[in-house]
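The primary structure of each chain is shown beneath.
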Amino acid sequence: QVQLQESGPGLVKPSQTLSLTCTVSGGSITTNNYFWSWIRQPPGKGLEWMGAMRYSGTTACSPFLKSRISVSRDTSKNQITLQLSSVTPKDTAVYYCAKEGALGLEVWGQGTLVTVSS
């Protein structure tokens, strides 16, 4: 059974780069037809899809974040990494990684709270 675990700093200062890692176990991030997505939820707000790494190694990112976001992978570690630059307090949120397949977002990590504050 695939499991996802997000990790990274819980506190980031404004203007810095937020970096999170999603470690996948129980399955390979290169398995055909799977996407590995980053999604966030600011306090009191809805879910926001940020970007995804396709099994093939290509990426897709939200046009609203395109200038600030980078999604990469380390196949040797079975990890997906999110980087978000020039953060502001508006980027404070619970960040999730999720596996997307034919049924949509099938498996979610537990999420990690990132607070942007000086």
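Bringing the overall build of the chain into the picture now. Helix and strand content of the chain: 0 helices and 11 strands. Each helix (α) and strand (β) of the chain, taken in turn from the N terminus, gives the series β-β-β-β-β-β-β-β-β-β-β. For 118 residues, the compact-globule estimate of 2.2 N^0.38 gives 13 Å, and the C-alpha radius of gyration of the chain, at 13 Å, lies within 12% of that figure. Oriented by its inertia axes, the alpha-carbon framework of the chain measures out at about 40 × 25 × 25 Å. Just so you have it, the chain exposes about 6,200 Å², and 49% of that area is on carbon and sulfur atoms. Once the 10 positive and 6 negative side-chain charges of the chain are each reduced to a mean point, those two points are 7 Å apart.

Turning to the sheet that holds strand β1 (residues 3–7), a few remarks are in order. Taken in spatial order, the 4 strands make up an open sheet running β1-β3-β8-β7, and their pairing is antiparallel. Both outer strands of the open sheet, β1 and β7 (69–74), are each paired with one neighbouring strand and no more. The sheet shows a mean angle of 20° between the axes of neighbouring strands, taken without regard to direction. With 6 bridges joining them, β7 and strand β8 (residues 79–84) adopt antiparallel strand pairing. If you follow R73 over to β8, its bridge partner there is I80.

Turning next to the environment of I29. One can find I29 in the loop between β3 (18–25) and β4 (35–41). Setting aside chain neighbours within four positions, we find I29 in contact with V24, W36, Y55, R73, D74, T75, N78, Q79 and I80.

Among the nonpolar cores identified, the biggest contains 24 residues, and L18, W38, M50, I80, L82, L84 and Y95 are the most heavily contacted of them. Only β3, β4, β5 (48–54), β7, β8, β9 (93–101) and β11 (112–116) provide two or more residues apiece to this core. The element contributing the most residues to this core is β3, with 4 residues. If sequence neighbours within four positions are ignored, L84 has contacts with Q16, T17, L18, R40, M50, L65, R68, I69, D91 and Y95.

Within the chain, N33 stands out as a residue other than glycine whose phi angle is a positive 75°. Among the secondary structure elements, N33 is positioned in the loop between β3 and β4. Positive phi, close to 50°, is recorded for S86, a residue that is not glycine. As for its position among the elements, S86 is in the loop between β8 and β9. For S86, a relative accessible area of 43% puts it in the partly exposed group.

Calculation notes
- Residues numbered from 1 in each chain as written.
- Predicted model: local features only at pLDDT ≥ 70, side-chain atom pairs only at ≥ 80, totals over all residues.
- Heavy atoms only, no water.
- Helix = DSSP H or I, 4+ residues; strand = E, 2+ residues; numbered from the N terminus.
- Rg over C-alpha atoms; globule rule 2.2 N^0.38 Å.
- Areas by Shrake-Rupley, 256 points an atom, 1.4 Å probe, with all protein chains shown as cover.
- Lys, Arg positive; Asp, Glu negative; His and termini not counted.
- Charge placed at Lys NZ, Arg CZ, Asp CG, Glu CD.
- Pairing = 2+ DSSP bridges.
- Axes fitted to C-alpha atoms, helices over the stretch in contact; angles between N-to-C directions.
- Contact = heavy atoms within 4.5 Å.
- Core = buried A, V, L, I, M, F, W, Y, C linked by side-chain atoms within 4.5 Å.
- Buried < 20%, exposed > 50% of the residue type's maximum accessible area, 1.4 Å probe, protein only.

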